[in-house]
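# An overview of the molecular structure
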2 protein chains.
Amino acid sequence: MSEAIRVVVDAMGGDNAPGELVKGAVDSLQGHDNIHIILTGKKAAIEQELAKMNAPKGRIEIVDCSEVIETAEPAVNAIRTKKDSSLVVGLQMVKKGEADAIVSAGNSGAVLVGGQAIVGRIKGIERPALAPVIPTEKGFSLLIDCGANVDARASHLVQFAQMGSIYMEQVLGVKNPRVGIVNIGAEEEKGNALVKETFPLLKSCPGINFIGSVEARDIPAGVCDVIVCEAFVGNVILKLYEGVGGTLIHMVKGSLMKNLKTKIGAALIQSSLKETLKAFDGSQYGGAPLLGLKGLVVKTHGSSKAREVSTSIHQCEQFKQQNINEIITNNLM
Amino acid sequence: MSEAIRVVVDAMGGDNAPGELVKGAVDSLQGHDNIHIILTGKKAAIEQELAKMNAPKGRIEIVDCSEVIETAEPAVNAIRTKKDSSLVVGLQMVKKGEADAIVSAGNSGAVLVGGQAIVGRIKGIERPALAPVIPTEKGFSLLIDCGANVDARASHLVQFAQMGSIYMEQVLGVKNPRVGIVNIGAEEEKGNALVKETFPLLKSCPGINFIGSVEARDIPAGVCDVIVCEAFVGNVILKLYEGVGGTLIHMVKGSLMKNLKTKIGAALIQSSLKETLKAFDGSQYGGAPLLGLKGLVVKTHGSSKAREVSTSIHQCEQFKQQNINEIITNNLM
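### A closer look at the sheet that holds strand 9 (residues 209-215) of chain A
Residues and elements named next belong to chain A. In spatial order, the strands read 6-7-10-8-9; together these 5 strands make up an open sheet with mixed pairing. The sheet is open, and its two edges are formed by strand 6 (133-135) and strand 9, each paired on a single side. Put simply, the sheet's adjacent strands are angled 35° from each other on average, direction ignored. Sheet topology places strand 8 (residues 178-183) next to strand 9; 6 bridges connect them, and they run parallel. Its bridge partner lying in strand 9, Val179 is registered against Phe210.

### Thoughts on the confidence of the model for chain A
If pLDDT is low for a region, its predicted coordinates should not be looked at in detail. For chain A, the mean per-residue pLDDT works out to 93, and 99% of the residues sit at or above 70. As a predicted assembly, this complex carries a pTM of 0.92 together with an ipTM value of 0.90.

### Re the relation of the copies chain A and chain B
Aligned on chain B, chain A shows an RMSD of 0.1 Å; the corresponding rotation is 180° and the shift along the axis is 0.0 Å. As the rotation angle and translation indicate, the two copies are arranged about a two-fold axis. Residues of chain A ranked by C-alpha distance from the rotation axis are headed by Gly265 of chain A, positioned 1.8 Å from it. In this assembly the copies share their binding face: 100% of the residues contributing to the interface of chain A also contribute to that of chain B.

### Comments concerning the pattern of salt bridges
Using the criterion set out here, one finds 20 salt bridges over all chains in the structure. Glu275 of chain B serves as the salt-bridge partner of Lys258 of chain A, at 3.2 Å between the closest nitrogen and oxygen. Within this pair, whereas Lys258 of chain A is found in the loop between helix 8 (231-256) and helix 9 (260-279), its partner Glu275 of chain B is found in helix 9 (residues 260-279), the two belonging to separate chains. Residue classification places Lys258 of chain A among the partly exposed residues on the basis of a relative accessible area of 47%. Under the relative-accessibility criterion, Glu275 of chain B is labelled exposed at 52%. Of the charged contacts in the structure, one is a salt bridge between Lys52 of chain B and Glu49 of chain B, with a shortest N-O distance of 3.1 Å. Taking the relative accessible area as the measure of exposure, Lys52 of chain B reaches 61% and is therefore exposed.

### Side note on helix 10 (residues 306-321) of chain A
Residue and element names in this part refer to chain A. End to end, helix 10 covers 23 Å across 16 residues, agreeing with the expected 22 Å (1.5 Å per residue, within 8%). Of the residues making up helix 10, those classed as buried are Ala306, Glu308, Val309, Ser310, Ser312, Ile313, Gln315, Cys316, Glu317 and Phe319. Downstream of helix 10 by a residue or two, Asn323 has a phi angle that is positive, lying close to 55°.

### Some thoughts on the environment of Val195 of chain A
Locating Val195 of chain A in the fold gives a position in helix 7 (residues 193-203). With relative accessibility at 4%, the residue Val195 of chain A sits in the buried group. With 175 residues separating them along the chain, Val195 of chain A and Glu20 of chain A place their C-alpha atoms 41 Å apart. In contact with Val195 of chain A, other than residues within four places in its own chain, are Ile181, Val182, Asn183 and Lys190 of chain A together with Phe232 of chain B.

### Quick look at unusual backbone geometry
A cis amide bond links Ala17 of chain A with the next residue in sequence, Pro18 of chain A, at an omega value of -5°. By secondary structure assignment, the location of Pro18 of chain A is in the loop between strand 1 (5-10) and helix 1 (19-29). For Asp151 of chain B, which is not glycine, the phi dihedral falls at a positive 55°. Looking at where Asp151 of chain B falls in the secondary structure, it is placed in the loop between strand 7 (140-144) and helix 6 (154-170). Owing to a relative accessible area of 42%, Asp151 of chain B belongs among the partly exposed residues under this scheme. One non-glycine residue with positive phi stands out, namely Asn176 of chain B, at about 45°. Here Asn176 of chain B shows up in the loop between helix 6 and strand 8 (178-183).

### Remarks on the sheet that holds strand 3 (residues 60-64) of chain A
To summarise the sheet geometry, strands pair through backbone hydrogen bonds and adopt either a parallel or an antiparallel arrangement. Residues and elements named next belong to chain A. Pairing within the open sheet is mixed, and its 7 strands lie in the order 3-2-1-4-12-11-5. Two strands lie at the open edges of the sheet, namely strand 3 and strand 5 (129-130), each paired on one side alone. Relative to strand 4 (residues 101-104), strand 1 runs parallel, the two being bridged by 3 bridges. Note that in strand 4 the partner of Val9 across the bridge is Val103. Docked against the sheet, helix 1 engages strand 1, strand 2 (35-41) and strand 3, running at close to 170° with respect to strand 2. Across the sheet, helix 4 (residues 86-95) lies against strand 1, strand 2, strand 3, strand 4 and strand 12 (296-299), angled at about 160° from strand 4, the strand it touches most.

### A word on the interface of chain A and chain B
Taken together, the contact between chain A and chain B spans 50 residues of the former and 50 residues of the latter. Contact with chain B buries area across many residues of chain A, yet Ile184, Phe232 and Leu240 of chain A alone supply 14% of it, more than any other trio. The interface formed by chain A and chain B includes 6 salt bridges. For the interface between chain A and chain B, the tally reads 12 residue pairs in polar contact (both at pLDDT 80 or more). Those elements that place two or more of their residues in the side of chain A that touches chain B are strand 8, helix 7, helix 8 and helix 9 of chain A. Examining the composition of the side of chain A that touches chain B, we find that 19 residues originate from one element, helix 8 of chain A, more than from any other. In the side of chain A that touches chain B, the residues fall into 28 nonpolar, 13 polar and 9 charged.

### Quick look at the packing of helix 6 (residues 154-170) of chain A against helix 7 of chain A
Residues and elements named next belong to chain A. The N-to-C vectors of helix 6 and helix 7 enclose an angle of 45°; their axes lie 9 Å apart at closest approach. As far as their axial angle goes, helix 7 and helix 6 are oblique. The interaxial crossing formed by helix 6 with helix 7 has right-handed handedness. In this structure, helix 6 uses Ala154, Leu157, Val158 and Ala161 to contact helix 7, whose residues at the interface are Leu194, Glu197, Thr198, Leu201 and Leu202. Across the contact of helix 6 with helix 7, the residue classes break down as 7 nonpolar, 1 polar and 1 charged.

### A few points about the packing of aromatic side chains
Residues and elements named next belong to chain B. Evaluated as defined, the whole model comprises 6 aromatic pairs over all chains. Ring plane angle 50° and centroid distance 6.1 Å describe the contact between Tyr167 and Phe319, whose orientation is recorded as tilted. With a gap of 152 residues between them, Tyr167 in helix 6 and Phe319 in helix 10 (residues 306-321) connect regions that are remote in the sequence. Residue Tyr167 is classed as buried on the basis of its relative accessible area of 1%.

### Side note on helix 5 (residues 108-119) of chain A
Residue and element names in this part refer to chain A. If you check helix 5, its first and last C-alpha atoms are 16 Å apart, about what 12 residues at 1.5 Å a residue would give, namely 16 Å. Where helix 5 is buried, its residues touch helix 3 (75-81), helix 4, strand 4, strand 5, strand 11 (288-291) and strand 12. Where helix 5 starts, the residue carrying a side-chain oxygen 3.1 Å from the main-chain nitrogen of Gly109 turns out to be Asn107. Phi turns positive, to about 85°, at Gly120, one or two residues after helix 5.

The rules behind each value
Residues numbered from 1 in each chain as written. Chains lettered and ligands numbered in written order. Predicted model: local features only at pLDDT ≥ 70, side-chain atom pairs only at ≥ 80, totals over all residues. Heavy atoms only, no water. Pairing = 2+ DSSP bridges. Helix = DSSP H or I, 4+ residues; strand = E, 2+ residues; numbered from the N terminus. Axes fitted to C-alpha atoms, helices over the stretch in contact; angles between N-to-C directions. pLDDT = per-residue confidence, 0-100. Least-squares fit on C-alpha atoms with pLDDT ≥ 70 in both. Contact = heavy atoms within 4.5 Å. Salt bridge = Lys/Arg side-chain N within 4 Å of Asp/Glu carboxyl O. Buried < 20%, exposed > 50% of the residue type's maximum accessible area, 1.4 Å probe, protein only. Expected span 1.5 Å × (residues − 1). Buried area = accessible area lost by both parts, 1.4 Å probe. Polar contact = N/O pair within 3.5 Å; in protein donor to acceptor, adjacent residues only side chain to side chain. Nonpolar A, V, L, I, M, F, W, Y, C, P; charged D, E, K, R; others polar. Parallel < 35°, antiparallel > 145°, perpendicular 65-115°, else oblique. Left-handed = near helix turned anticlockwise from the far one by under 90°. Phe/Tyr/Trp six-rings, centres within 6.5 Å; stacked < 30°, edge-to-face > 60°.

Listed below in C-alpha cells is the structure:
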C-alpha cells in the first residue's frame, strides 16, 4: 500500500456547506484506501451530516472551528482576523505538515490570499497560480493563471507554463501537453508588451511543448492543453466562458419551451442534448489547484456538490502520489 | 431633404467580395434617398456584379483601383505599398473629404492601421478605438476597445467611455447608456493597475452614466450598454464570445443529429431554435466603427453578406446625420 494522503476539507465553505462537502468527503473514500479526511468546521453541524451517511470508521477526523469566513467577506481581513475559521485552521494544518492538501469551496479571495500567506510558496516560485480546467469540444484545457495576483511579469508566465505542463501531464494524464500563450493574433510579433516579452522566453524554455500564440476564438475548440495568460485575462476568459455558455443554454432551453410543438421536440432530444451539455461542464474535472505552494490548495466552485468535492480530493491524492511539488522544485534548478 | 452622405464601400475586401459588397451597397439605397455610394475596386468585376442588379442610376459611382490588399497580408506594409488598393484609395477619399465614411470587410489590421495613418485622429483624441456590438440576452452592448493598439493608458479608457456613450446613444438609440469597466470583481478596490487608475476617473467623468465594474460572467446577460476595456482584453472577449458560441451551437446541433428520435425532435424545434440563435448573432447590428477619426471608418466581418454591408452603410448615415464627430469634439472641450 502506498503512502497515506491527508486531505483537509473546509466543511463550512461554499453554497452547499456543510452537507455536500461532508458527503463528498465520505464518497471520496470509497475505493481509495490511502485517503484520510480531516473536516474542519463546526463540529455539531458536521456530526449531524455524518450521522446521515455510512462513513467508514477511523478515516474521518473532525477539527472543531468556531468561525466561518463568509463568501462576500473582504479576503485579507478575513484571513487576518478569523484565526479559528475552518479555512484558516485547515491552511495551518497544511503549513505544519499535519495535512497534505486542502479542498475549499469557500470565499475565493480568502482561499487565494490564505494559501499564499499561510501555506507559502515553494522556494524559487515567484508567484503561485490558480489553474482551473475548462471544457473544450475535444475534452479540456488547463487555464493558468486565473488567480488574484494581477500585473504579472514575463518570468511569472514562464513558471506558469512549467507548472501547468507538469500538472497537466502528471495529474490529468495528458502526455506532452501543448502550451499556448493567449494572444490577439497568431503571429509572434503580435501582442501587448507582456506577451511580446514572454513569447521568446517560452520558445526557448526547456521541458515544455510550446506551440505559440493562441487566439481566444480557438480556445473552446481545444487548440492547446495548457493556456498561459496573466490573471486578469485568465479571469476574463474563465468568467466569460461560464457567462456565454450559461446565457446560450438558457436561451436554447427557452426556445424549446416556446409552444406545444417545440415541447414535443424537446422531449425527443432531451437526453442527447443533456449529455452534450454535460460534456461542456467544467465541474466534472474537480477544483482548481493553486500551484506553486508548499502543499496543495484546491479551490472548487462555490456551488460545488459532493461529486466535485470528491473529484477534487482524488486530484489531491494524485498530486501527492505523483510528487508534483518535487517535480516542480527540481524543474526550477 | 437632409444633407447627402457619401459612403465608400471597399468592394474588394472580405470573403464575399465583390458580390456581397456590391449587393449590400445597392440594397442600402432603397428607402434612403440621401445615400450616395462610391465603390472602390476593380471596375470590370464591379460592373459585372452591378449588371446583375437593378441599381438606381446616378447614385453609385465606381473608382477603379488596380490593387487589392489580401486578408492575411501584414497590415503596415500593405498600407504603405499598395497605394492603388481599394482600401487605401477609399481611405484617401475620406481624408480629403470626398467621402464621409468607408465600409470595409477586408484585412482588419489594414483597416485599423490605414484608418489611423490616412484618415487621422480628431484633435484631442489620444487614440481611436474599435467598438463592435456584441449580442446579449436582452439585446446588445458596445465593446470598446477591440482595436490594434494594446497597452492603453487610463486617459485612453476615459475617452473610450465618452465616445462609446455618444455612439451608443446617438447612433444605436440607447438612451443614457450604462457604462461599465471590465474587471475581475465588482468592488472598486479590485483590478489591475490600469483598472484601478481608470475607475475613479470614470466615476468623476461628466456626461457618462458610469455604473462601475463589470465581471466578464455578466456581460452576456446584458448588464451594461458600453463595456470599456483595453484592446487586448477587448479582443479576448470578442473572440471568445464567438468561440464559445460557435462551439456550443456546433455541439447542440451535433446532439440533434444523433439518431432518428433526435432528428424528429430537431425538426420540431428547428424554427424556434433558429430564431433564438439569430438573436445571439452580432452581425445583424452591422460593422464596428473605429471611433475618434476625422471621418468614419467601419469594419465589418470578413464573412459579411449583403445585409451586414447594407446595415453598416445605414450606420454611417446615422453617424453623419447625428454629427457624432462634432459631439465627440465638443465633448473634449
